[in-house]
Structures are given as structure tokens and as C-alpha cells.
Amino acid sequence: MSSSLPSPATCLRALRPDWLTDPKVWRTEVLAGLVVALALIPEAISFSIIAGVDPAIGLFASFTMAVTIAVVGGRRAMISAATGAVALVIAPLNREHGLGYLVAAVILAGVFQVILGVLGVAKLMRFIPRSVMVGFVNSLAILIFMAQVPEMTDVPWAVYPLIIGGLALMVFFPKVTTVVPAPLVSIVILTVITVGAAIAVPTVGDKGELPSSLPVPGLPDVPFTLDTLTTVAPYAFAMALVGLMESLMTAKLVDDITDTHSSKTRESIGQGVANIVTGFFGGMGGCAMIGQTMINVKVSGARTRLSTFLAGAFLMVLCIVFGPVVSDIPMAALVAVMVMVSFATFDWHSVAPKTLKRMPAGEISVMVITVAAVVATHNLAIGVVAGSVTAMVVFAKRVAHLAEVTAVTDPDGSTVVYRVTGELFFASSNDLVGRFAYATDPDRVVIDMSAAHIWDASSVAALDAIESKYAQRGKAVEITGLNEPSAHLHDRLSGELTGSH
């Protein structure tokens, strides 16, 4: 009797990732990883300078973050490496206490991220509104562009035609073929031109010296005391929060672009593991990189973990084996790539006059505040928090007006029925007390809550205050129609909130 179960060989084939079975996917992933690695080098060096450490520390961090997150992360094709946000957080610690404390902070930040991931911090992502997400994306595009401006000021005139030529190649080359990513073609052609014609323009080598060997694991050079822990912990916790917020927002963005789902909890824990590994290899830590992720996913079309892994692997190969060649790459070529990424990242539809006319003023305000906060502070986490708080205030203000009170007096004048409609919470229930005619109402008052819902203690306190005001005038109040959750909350808190019992 033949079995209907698939053979072990069939099961093995089904478990194989796409890049093992499809040559086209393999080519896309490999070339995407190479482009990202090239774009990572100047960024990692720049962020090392911000953190006040040797360029090799940033490059090692980008290598270990990318390779580790490729295995343990929850979002395929997302790039994690040394970032500006993390560099800004830990720079004061390095300045005041030295590299050993910085590395210790990176390891502790990783531990915090694992704990936060296990506790379910990723679930907080559901509270980030779409308008904040749009603001996040747009501010990111602006920051990516702004980061290129220093590379375009006080430079030889030849830089400008090189940037324009690089942009033209990336726009028109895909019309010829998409077999090779246009950014890679642009980088290669501009490098050949500048080296062949001996054009003197800023190069990757001008940013800093590339490492000549792989990082070696080891413990941070700090005394293992309580004093060290108290010094490092605040910076580590700040880095953990900033890193997680940026990574989870980027993961959500990639979910939307690729129309696929990712595990935010696994990503949170994975970021922690990657930072712990990075710390033990002497790196400066990091998180998801939006610019490089956009190069990987949107520009190069990568979709698997292979591109992320190879981005890190190629980074070290390029530095150690091909260091002299990579050092000759003109910064103009990489600036052109990042300018293209900034334009591709920006949500142009969100600022179209047609869209703005239809969008509620509150939603536009949230988007503008998010963008303004990010651009002003260069910190994506601050912008997201500012935007989310604004969105909550706008929502509370909007919902507060939904609570209505209508009164109907019985024909015989003995009873008045107040019908309360809407959602009762701190914003909508505060003015509820003033909606009743305590002095002129008859002796029996019924408050019909069948079309309302009680959400918090403020609403229960408001109902208690109404009953108290009627009781002072010798009038009886009956509250009817409470749904089950509202009745449970009311029964538990009523009479317990004033302290007068």
C-alpha cells in the first residue's frame, strides 16, 4: 500500500530557501548584498566619527550586526548595522569614560532588548497611527538627503557632474536591463571614470582607514563592579529603546513595501542578540538602517536573509581584501545612490495637493509634527514619540465630542430620563457633570447608559459626582442599561474614588 505522505527528499526541497533553488533570486540577493556593502562603508565610518571611535569599530559593528541579524532577526531582507541614532546616544559615554564602557553599554543594551522583546514591547507598534508612519518615512527621506549635503558642499566642481551622471544611470539603466542593480553599475562606472581620468575628487579612503583584519572576540575592558553598571545602564537603556523603535518602524515599513508579514517579537529579541554579539566583538552596536534597507529592498529588489548576510560578509571582504580598490570609490557615486534612495523613500502621494485637501487637519498636523521633530533632533525615536502623543491628543479631542446627553421628562412630571450616548473616558466625561439640571429636575432621575460605554475611573467619578449632587437635593438617581464591562468597572469603583466613605 503506497503512502500519501511526501518523501523526505520532497520535504527537504520544500524547506530550502528560494535563493538555493532559483538562480534569478540568488543573483538578485548576491548583487543586492554587494551594493549595500559598498553603501555601508562610508556610513559606518561617518557614524564612528559621531561616536568618537576608530572607523574600524563602526565597520566591525556593521559586519557583526548584519551577519547575526540575518540569522536571528524577524524581518527578512532588512539591514541592521552601525547607525547614527545609536552613535548619538552612546557618544557622551565614550567621550567621558572611554571605549571599554561604550562596548559594555552595547552588550547591556542587547540584554535590555532581549528582555523587552520577551516582555512583548513589539505589541506597542499597533498604537502607532498611519500618519506617524508616513511622517516617519518622509522625515527619514529628508534625513538621508540632508546627510548627503556636506558631501556636496566645498568640493571640487567635478563632483557635481559625477553625481548627476550617477543619478542618470540609476534612472535610465533599468530601462535597458534589471539583471544588474543600477546602483552597482553607477558605482563601478563612476569609479572607473575617476580613476582612469585621474579626477581629483573625495573618495571613500578620505573618510578613514579601512580595517585590515577581522574583529577578535573579547570582554570589554572595564571593572566589573556595581559602579560600572550604574554608569553604563542609562546609556544602554536609551540605546535599547532607540534601536528597537527604529528597527520595528523599519520592519513595519518593509512589511508594507513587500506585502509580507514579519515577527516583530523575534526582531526585537534578534536585535538584542545582534548587539550582544557585536559588543563581544568590540563593535559600537547598531539597529536597522532605513537607507541601506531601502537600497536592498526597494532599489535592488532583495527579499531574503541571504542579502542581509552577504551585506555584512561582503563588507569585511571589501575592506580586508579589496581595501585599496574600495578606497578609490568616489564619494559622489555613493552620494548619488543615497539621493536616489531618499527620493524613492519619500511618500510623494502624502504631500500631493489632492491628498492634503481630503486629509483631516489633525492627521496632517500629526504628520508635520513627526517630520519637524525628527528633522530638528535628527532622532527618529523622538519624532515617533512626538507624533504618537499628538495623535493621541487629536483622537481624544475628537472622541470627547461624541458623548451626548438628552433629557426626556415623563408627562406626569415625576421622572426625568437622561439618555447618555457615546464613549465615556477622561476627556469626554469631565463636562458630563454640567449637563444635568439638578435644581429643577423632579425627585426621580433615571440615567440610561444603554448607548454609552464607560472606559475609565474618570467616568465613574463623574457619575458618582452626579449622584452626589442629586442626593444633596434629596433626589434619587437610578443608572440603567450599563453593558457588562461598564457595569463591572462601575460596581468595582463607584463610591471608592472620593475617599469620603
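Just above, that's the structure.
This is a predicted model, so every value here is computed, not measured. (Residues numbered from 1 in each chain as written. Predicted model: local features only at pLDDT ≥ 70, side-chain atom pairs only at ≥ 80, totals over all residues. Heavy atoms only, no water.)

Thoughts on the sheet that holds strand β6 (residues 476–480)
Within a sheet, neighbouring strands are paired by backbone hydrogen bonds and run either parallel or antiparallel to one another.
Part 1 of the argument: Overall, mixed pairing links the four strands, which are arranged β3-β4-β5-β6 in an open sheet. The open sheet is flanked by β3 (404–409) and β6, the only strands paired with a single partner. Neighbour to neighbour, the strand axes of the sheet diverge by 20° on average, direction disregarded.
Part 2 of the argument: For β3 and strand β4 (residues 415–424), the ladder comprises six bridges, and the chain directions are antiparallel. By the bridge assignment for β4, Val408 is matched with Val417.
Part 3 of the argument: Lying over the sheet, helix α21 (residues 484–493) contacts β5 (444–454) and β6, oriented at roughly 120° with respect to β5. (Pairing = 2+ DSSP bridges. Helix = DSSP H or I, 4+ residues; strand = E, 2+ residues; numbered from the N terminus. Axes fitted to C-alpha atoms, helices over the stretch in contact; angles between N-to-C directions. Contact = heavy atoms within 4.5 Å.)

Thoughts on unusual backbone geometry
Where the residue is not glycine, phi is negative for most of them; where a peptide bond is considered, it is trans in most cases.
Part 1 of the argument: Unusually for a residue other than glycine, Ala77 sits at a positive phi of about 70°.
Part 2 of the argument: Summarising the element assignment, Ala77 is placed in the loop between α4 (55–72) and β1 (80–81).
Part 3 of the argument: A positive phi angle, near 55°, is found at Asp259, a position not held by glycine.
Part 4 of the argument: When you line up the elements, Asp259 lands in the loop between α10 (226–258) and α11 (264–280).

Some details on α11
Part 1 of the argument: Its 17 residues place the ends of α11 25 Å apart at the C-alpha level, agreeing with the 24 Å of an ideal helix rising 1.5 Å per residue.
Part 2 of the argument: Inspection of α11 places Lys264, Glu267, Ser268, Gly270, Gln271, Gly272, Ala274, Asn275, Thr278 and Gly279 among the buried residues, and these make up the whole buried set.
Part 3 of the argument: At its buried positions, α11 is contacted by α4, β1, α6 (99–119), α10 and β2 (287–288).
Part 4 of the argument: Phi turns positive one or two residues past the end of α11, at Gly282, with a value near 80°. (Expected span 1.5 Å × (residues − 1). Buried < 20%, exposed > 50% of the residue type's maximum accessible area, 1.4 Å probe, protein only.)

Observations regarding the state of the cysteines
The bond known as a disulfide is covalent and runs between the sulfur atoms of two cysteines.
Part 1 of the argument: Under the counting rule described, the total for this entry stands at zero disulfides.
Part 2 of the argument: Counting only cysteine sulfurs, Cys319 is the nearest neighbor of Cys287, a cysteine outside any disulfide, at a range of 20 Å.
Part 3 of the argument: Cys287 sits in the buried class, given a relative accessible area of 0%.
Part 4 of the argument: Among the residues examined, Cys319 registers a relative accessible area of 3% and is labelled buried. (Disulfide = S-S within 2.5 Å.)

What to know about the pattern of salt bridges
Close approach of charged atoms allows side chains with opposite charge to pair.
Part 1 of the argument: Summed over the entire model, instances satisfying the criterion amount to six salt bridges.
Part 2 of the argument: Two residues, Arg75 and Asp255, come together in a salt bridge whose shortest N-O distance is 2.7 Å. Of the two residues, Arg75 sits in the loop between α4 and β1 while Asp255 sits in helix α10, which places them 180 residues apart along the sequence. The burial state of Arg75 is the same as that of Asp255; both residues are buried.
Part 3 of the argument: As a salt-bridge pair, Arg444 and Glu478 come within 2.8 Å of each other at their nearest N and O atoms. With a gap of 34 residues between them, Arg444 in strand β5 and Glu478 in strand β6 connect regions that are remote in the sequence.
Part 4 of the argument: Residue class for Glu478 comes out partly exposed when judged on its relative accessible area of 37%.
Part 5 of the argument: Connected through shared salt-bridge partners, Arg75, Asp255 and Lys264 make up one network. (Salt bridge = Lys/Arg side-chain N within 4 Å of Asp/Glu carboxyl O.)

Focus: the packing of α10 against helix α12 (residues 290–299)
Part 1 of the argument: Running from N to C, α10 and α12 point in directions that differ by 20°, and their axes come no closer than 11 Å. It follows from the interaxial angle that α10 and α12 lie roughly parallel. For the pair α10 and α12, the sense of crossing is right-handed. Every residue of α12 that contacts α10 at Thr250, Leu253, Val254, Ile257 and Thr258 is listed here: Ile290, Thr293, Met294, Val297 and Lys298.
Part 2 of the argument: Across the contact of α10 with α12, the residue classes break down as six nonpolar, three polar and one charged. (Parallel < 35°, antiparallel > 145°, perpendicular 65-115°, else oblique. Left-handed = near helix turned anticlockwise from the far one by under 90°. Nonpolar A, V, L, I, M, F, W, Y, C, P; charged D, E, K, R; others polar.)

Let's talk about the nonpolar core
Part 1 of the argument: By size, the foremost hydrophobic cluster in this structure holds 103 residues, and its most contacted members are Ile41, Leu59, Phe136, Met284, Ile295 and Leu315.
Part 2 of the argument: At 12 residues, helix α3 (residues 23–51) tops the list of elements feeding residues into this core.
Part 3 of the argument: The contact partners of Leu315, leaving out residues within four places of it in the chain, are Ala37, Leu40, Ile41, Leu59, Ser62, Phe63 and Leu310.
Part 4 of the argument: One finds Ala403, Leu424, Leu432 and Ile447 within the second-largest nonpolar core, a separate group that totals 24 residues. (Core = buried A, V, L, I, M, F, W, Y, C linked by side-chain atoms within 4.5 Å.)

Describing the packing of aromatic side chains
Part 1 of the argument: Evaluated as defined, the whole model comprises nine aromatic pairs.
Part 2 of the argument: Measuring from centroid to centroid gives 6.4 Å for Phe145 and Phe343, while their planes differ by 90°, and the two rings are edge-to-face. Taken together, the residues Phe145 in helix α7 (residues 130–148) and Phe343 in helix α15 (residues 331–345) connect sequence positions 198 residues apart.
Part 3 of the argument: Pairing Phe436 with Tyr438 gives two aromatic rings, centres 6.3 Å apart and planes at 35°, and the pair type is tilted. (Phe/Tyr/Trp six-rings, centres within 6.5 Å; stacked < 30°, edge-to-face > 60°.)

With respect to a nonpolar patch on the surface
Part 1 of the argument: Together, Phe145, Met146, Val149, Phe343, Trp348, Val351 and Leu356 give the surface a local cluster of nonpolar side chains, amounting to about 570 Å² of exposed area.
Part 2 of the argument: Turning to its location among the elements, Trp348 is positioned in the loop between α15 and α16 (353–358).
Part 3 of the argument: A residue is classified by how much of its surface remains accessible, and Trp348, at 49% relative accessible area, is partly exposed. (Patch = residues over 30% accessible without salt bridge, like charges linked within 9 Å, V, L, I, M, F, W, Y side chains within 5 Å. Areas by Shrake-Rupley, 256 points an atom, 1.4 Å probe, with all protein chains shown as cover.)

Description of the pairing of β4
Part 1 of the argument: With nine bridges connecting them, β4 and β5 associate as parallel partners. Counted as the bridge partner of Thr421 is Ala451 from β5.

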